[in-house]
Amino acid sequence: MRVKLAQASAWQKVLYKKQKYPDNYVDQSFLDELRKNHGVQTYSYKTLVNASTVITQQLSSVAIFIAMHLYMKDHSVSAQTLWLIMSTLSVIGYIANFILNNSAGQRLSFTLFVKHLKTSLLFQGCSAALSPVLVSLTETISTDTIYTMTTSMLLANLLLFNYDTSHDAVPGAMSFSAAIFSSVCLASRLHTPWHAFTTVTSAFELFALWPSLRKNIKEKYPMIHQCVTVVIVLLCMACLGSKTLVGAVIYCALVLLITFACTALFHFLQSLKNNISGPWDEAVIHSSSVLMAEHSTS
Amino acid sequence: MEDESKFKLFNICMVSDFFYPNMGGVESHIYQLSSCLVERGHKVIIVTHCYGDRQGVRYLANGLKIYYLPFLPFYNQCVLPTIFPTFPLLRNVFIRENIQIVHGHSAFSTLGHEAMFHARTMGLKTVFTDHSLFGFADASSILTNKVLNFSLVDCTHTICVSHTCRENTVLRSNISPSLVSVIPNAVDSTVFLPDPTQRQPGKITVVVISRLVYRKGIDLLAGIIPTITSKYPQVQFIVGGDGPKRILLEEVREQFQLHDRVKMLGSLQHSMIRDVLVQGDIMLNTSLTEAFCIAIIEAASCGLQVVSTKVGGIPEVLPPELLYLAEPNSQAMTLELEKAIEDRIHNRNMDPFELHQKIKEFYSWRDVAMRTEVVYQIVMEAPVPNAATRLQRFNQCGPVSGKLFMLTAVLNMILLWVLQWIWPDQSIGKAETLKLSQVVKCEQRSDVLMGKKSSSNGTKSLIKLS
């Protein structure tokens, strides 16, 4: 009897028909249109570890910056030597960047090179001229305050840095400003204009030039990017370890935490994701029609 | 008459923050449903909060009694959610009117939820009608869904206005779907009559009547208007309603020099909607989410072709041959509207009166009232859960929220006990039940809602007491 009824008039999900079912009838098709985690992208653990290297590298920039300060502070390396090393590395980095861009089809013209050279000279000149001012700028502030400010500014740099490689629109100006602020703070603790000059220029190299080269490498040669990360991490540990064991341990722990623990947690939490959607959701107005086509077929 | 003999008559109290003089889908739903229930012999009172100087008890022409209780609205016409302070007055009303069933309306209505909660504490039966759809992802939805969970876990039966709405409500409040009935809205077909003479000959008029807000898809509309007007010189738009997105439409009108072709009417009285609708050939609805959408059946009842977005419960409302459905994006909507316009040009549409007749068969408030009566019947037969069962149900709502809900319920029980001690049930005077000497026909009752009669200042003259 029931089968016959079902054949005669199957329940329809419509309101305009008078159907021979009670109003609280629950059909088999109930919640058929419910979609769980529709359009949610899940990441493999490997992808996550690879992606986390961006954070590790920025952390390494901060670590190198601190290590440099420590070396200069106890006079184990002179400011001039460090400046020379950083400048040489910058030139190598510039050439590497040039090769990367060249292989991507972008030709580096002579005029562009002159322009870059001019900018660099102008900047170095300005920094050199201002270094006597910089060294005395925050001299009267107590060392504790300076270290607190530097720490908070470097943390701000880490937090606000634009880790997303796909969007060029936000260059992380806040993050960069924080780093420069911390370099100006530290510059006053080293007493000579040469030290201040080295601190400020290396901050620019570490927090402005190096990230853009990293981004370039990551986009074009992800494999090299991973290798560079390993090299940088080892270098940082060696530099920090020779000066402060606690710092090296903290750095090492942070790197391990970011690379393996945090990613593992993220990977685990993905399985708990339970995002439900269905016809009751508010439609989203997409600008591209491609997305809409996807939406309609779902 | 046959139906009436089958059913017992109940004393029903409709509660919602939203009622006349406020205007909208929920308000007219409560009014129409109550009127039809009164017509069928039930005793119905409506409880809402005060609207300005509109306080106290008022009667409508058909014997509906409305309590405008002195709770002040604080946001979007809802009263402040305080849970306990509303109990004494609501208890008084329930006892005074000898209420058996408390019927709350709209998930947004704080007063509705509170009244149902108090009614459950007093051991009355509760019914809730959900009129809206909710998402699950944003913070406000999570909060509202928790409140709904609290309210519905203890509710005897729930009514939803469409199947999609029902699925949504079941998911949100975590209740058994068999405790949820689907009873659609309806349309007052005596008011929404077609009148093709009002149409402008030689032109095709597209009517849009909605609040001009993001959720109604006004951004889509702004994309559709320029394409359509440039393709069809005979098409003109009439936009009724007001809201923050009005500026967007005015910008479009300015940019494409469409002042003579896009008429903006501003906010409309409900009584004027029909007069605007009959001027049009096609009704365009661009809502991004909609549980039922009364607007499209009102338009169809006036004989208009309806073009709508395919969202929420809209595909359930009208059969495909009476409705042009499109995905919610400008391109698809434009294509579908073009189809409707082409059909209009070549006169392939259904005759307005034929369409009206169909809508009349599909939806009537009398049918809604009869189906609601069935729900009341189920509710009255359902056993009253004891305090322990209620608390257990609340506890199952969640590890933290469950305990909170239980605490609230226990406090309410204590409050009831205190109230019974201070004002015993016997001390509350019973209200006289009005008997209408003459049943006001359904055809006439619509006038009151339309505001044609001077119902604002005492409608007693309209009622003939026996």
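Bear in mind the structure is a predicted one, so any value in this text is a computation, not a measurement.

So, the interface of chain A and chain B
Many descriptions give the size of an interface as the accessible area lost when the pieces come together.
Link 1 in the chain: The interface is formed by 26 residues belonging to chain A together with 44 residues belonging to chain B.
Link 2 in the chain: Both faces combined, the contact of chain A with chain B buries some 3000 Å², and carbon together with sulfur accounts for 62% of it.
Link 3 in the chain: Summed over the three residues of chain A that lose the most area to chain B, namely Leu15(A), Tyr16(A) and Trp280(A), the buried surface amounts to 27% of that side.
Link 4 in the chain: The interface formed by chain A and chain B includes four salt bridges.
Link 5 in the chain: Close ionic contact of Lys13(A) with Glu167(B) constitutes a salt bridge, the shortest N to O distance being 3.6 Å.
Link 6 in the chain: On the surface where chain A and chain B come into contact, there are 13 residue pairs in polar contact (both at pLDDT 80 or more).

Digging into the packing of helix α2 (residues 45-73) of chain A against helix α9 (residues 245-270) of chain A
All names here are of chain A.
Link 1 in the chain: In contact at an axis separation of 9 Å, α2 and α9 are set at 155° when each is read in the N-to-C sense. As summarised for this structure, α2 and α9 are arranged roughly antiparallel, according to the angle between their axes. Between α2 and α9 the crossing geometry is right-handed. Seen from α2, the contacting residues are Tyr45, Leu48, Val49, Ser52, Ile55, Thr56, Leu59, Ser60 and Ala63; seen from α9, they are Tyr251, Leu254, Val255, Ile258, Thr259, Phe260, Thr263, Ala264, Phe266 and His267.

Overview of the packing of aromatic side chains
Residue and element names in this part refer to chain B.
Link 1 in the chain: All told, the structure shown has 23 aromatic pairs over all chains when counted by the stated rule.
Link 2 in the chain: With centroids separated by 5.7 Å and ring planes inclined at 85°, the aromatic side chains of Phe292 and Tyr363 adopt a geometry described as edge-to-face. Within this pair, whereas Phe292 is found in the loop between β14 (282-285) and α10 (294-301), its partner Tyr363 is found in the loop between α13 (352-362) and α14 (365-381), the two being separated by 71 residues in sequence.

Things to note about the UniProt feature "domain: Glycosyl transferase family" (unreviewed entry) in chain B
Link 1 in the chain: According to UniProt, the feature "domain: Glycosyl transferase family" (unreviewed entry) maps to residues 198-350 of chain B in the numbering used here.
Link 2 in the chain: For residues 198-350 of chain B, the helix share is 39%, the strand share is 20%, and the end-to-end C-alpha distance is 17 Å.

Digging into the UniProt feature "transmembrane region" (unreviewed entry) in chain A
Residue and element names in this part refer to chain A.
Link 1 in the chain: Following the UniProt record, one finds the feature "transmembrane region" (unreviewed entry) at residues 48-70, 82-100, 223-241 and 248-269.
Link 2 in the chain: Structurally, residues 48-70 comprises 100% helix and 0% strand, and the distance from its first C-alpha atom to its last is 33 Å.
Link 3 in the chain: Helix makes up 100% of residues 82-100 and strand makes up 0%, while its end C-alpha atoms are separated by 26 Å.

A few points about the UniProt feature "domain: PIGA GPI anchor biosynthesis" (unreviewed entry) in chain B
Link 1 in the chain: Under the local residue numbering, the UniProt record ascribes the feature "domain: PIGA GPI anchor biosynthesis" (unreviewed entry) to residues 49-138 of chain B.
Link 2 in the chain: When the span residues 49-138 of chain B is considered, its composition is 24% helix and 29% strand, and the gap between its end C-alpha atoms is 29 Å.

Thoughts on the environment of Ala295(B)
Residues and elements named next belong to chain B.
Link 1 in the chain: By the element assignment, Ala295 lies in helix α10.
Link 2 in the chain: Here Ala295 falls in the partly exposed class, since its relative accessible area comes to 25%.
Link 3 in the chain: For the pair Ala295 and Val375, spaced 80 residues apart in sequence, the C-alpha to C-alpha distance is 26 Å.

Focus on the sheet that holds strand β8 (residues 125-130) of chain B
Residue and element names in this part refer to chain B.
Link 1 in the chain: Strand order in the open sheet formed by eight strands is β3-β4-β2-β1-β7-β8-β9-β10, and the pairing between neighbours is mixed. Each edge of the open sheet is held by one strand with a lone partner, namely β3 (56-59) and β10 (180-182). Neighbour-to-neighbour, the strand axes of the sheet open up by a mean angle of 25°, direction not taken into account.
Link 2 in the chain: As paired elements, strand β7 (residues 101-105) and β8 share five bridges and run parallel to each other. Bridge pairing in β8 places His103 opposite Val127.
Link 3 in the chain: Contacting β1 (11-15), β2 (43-49), β7 and β8, helix α4 (residues 110-121) crosses the sheet at an angle of about 160° to β8.

Observations regarding α9(A)
Residues and elements named next belong to chain A.
Link 1 in the chain: The terminal C-alpha atoms of α9 lie 36 Å apart, and with 26 residues this matches the ideal 38 Å at 1.5 Å per residue to within 8%.
Link 2 in the chain: Along α9, the sharpest kink reaches roughly 40°, centred on Leu257.
Link 3 in the chain: Contacts from the buried residues of α9 go to α2 and α8 (222-243).
Link 4 in the chain: Sitting at the head of α9, Thr244 places a side-chain oxygen 2.9 Å from the backbone nitrogen of Gly247.

Some thoughts on the nonpolar core
Link 1 in the chain: With 107 residues, the main nonpolar core has Met14(B), Val47(B), Phe94(B), Val102(B), Leu277(B) and Tyr363(B) as its most contacted residues.
Link 2 in the chain: When residues of this core are assigned to their parent elements, the largest contribution, seven residues, is made by helix α2 (residues 25-39) of chain B.
Link 3 in the chain: Setting aside anything within four residues of it in sequence, one finds Phe94(B) in contact with Cys13(B), Ile99(B), Val102(B), Ala115(B), Ala119(B), Met122(B) and Leu124(B).
Link 4 in the chain: Judged by nonpolar contacts, the second largest core, of 39 residues, contains Val135(A), Leu154(A), Ile180(A) and Tyr251(A).

Remarks on the sheet that holds strand β16 (residues 323-326) of chain B
Residues and elements named next belong to chain B.
Link 1 in the chain: Within the open sheet, the six strands sit side by side as β13-β12-β11-β14-β15-β16. Their pairing is parallel. Among the strands making up the open sheet, the edge pair consists of β13 (262-266) and β16. Neighbour to neighbour, the strand axes of the sheet diverge by 20° on average, direction disregarded.
Link 2 in the chain: Relative to strand β15 (residues 305-309), β14 runs parallel, the two being bridged by four bridges.

Section: the side chain of Thr201(A)
Residue and element names in this part refer to chain A.
Link 1 in the chain: One can find Thr201 in helix α7 (residues 193-220).
Link 2 in the chain: Residue Thr201 is classed as buried on the basis of its relative accessible area, which comes to 2%.
Link 3 in the chain: A polar contact of 3.2 Å, which involves the side chain of Thr201, links it to the backbone oxygen of Thr198.
Link 4 in the chain: In this structure, Thr201 is in contact with Trp83, Phe123, Gln124 and Ser127, ignoring residues within four places of it in sequence.

Cut-offs applied
Residues numbered from 1 in each chain as written. Chains lettered and ligands numbered in written order. Predicted model: local features only at pLDDT ≥ 70, side-chain atom pairs only at ≥ 80, totals over all residues. Heavy atoms only, no water. Contact = heavy atoms within 4.5 Å. Buried area = accessible area lost by both parts, 1.4 Å probe. Salt bridge = Lys/Arg side-chain N within 4 Å of Asp/Glu carboxyl O. Polar contact = N/O pair within 3.5 Å; in protein donor to acceptor, adjacent residues only side chain to side chain. Axes fitted to C-alpha atoms, helices over the stretch in contact; angles between N-to-C directions. Helix = DSSP H or I, 4+ residues; strand = E, 2+ residues; numbered from the N terminus. Parallel < 35°, antiparallel > 145°, perpendicular 65-115°, else oblique. Left-handed = near helix turned anticlockwise from the far one by under 90°. Phe/Tyr/Trp six-rings, centres within 6.5 Å; stacked < 30°, edge-to-face > 60°. UniProt positions renumbered as here; feature names shortened; annotations may be inferred. Buried < 20%, exposed > 50% of the residue type's maximum accessible area, 1.4 Å probe, protein only. Pairing = 2+ DSSP bridges. Expected span 1.5 Å × (residues − 1). Bend = angle between axes of the 7 residues up to and from the residue. Core = buried A, V, L, I, M, F, W, Y, C linked by side-chain atoms within 4.5 Å.

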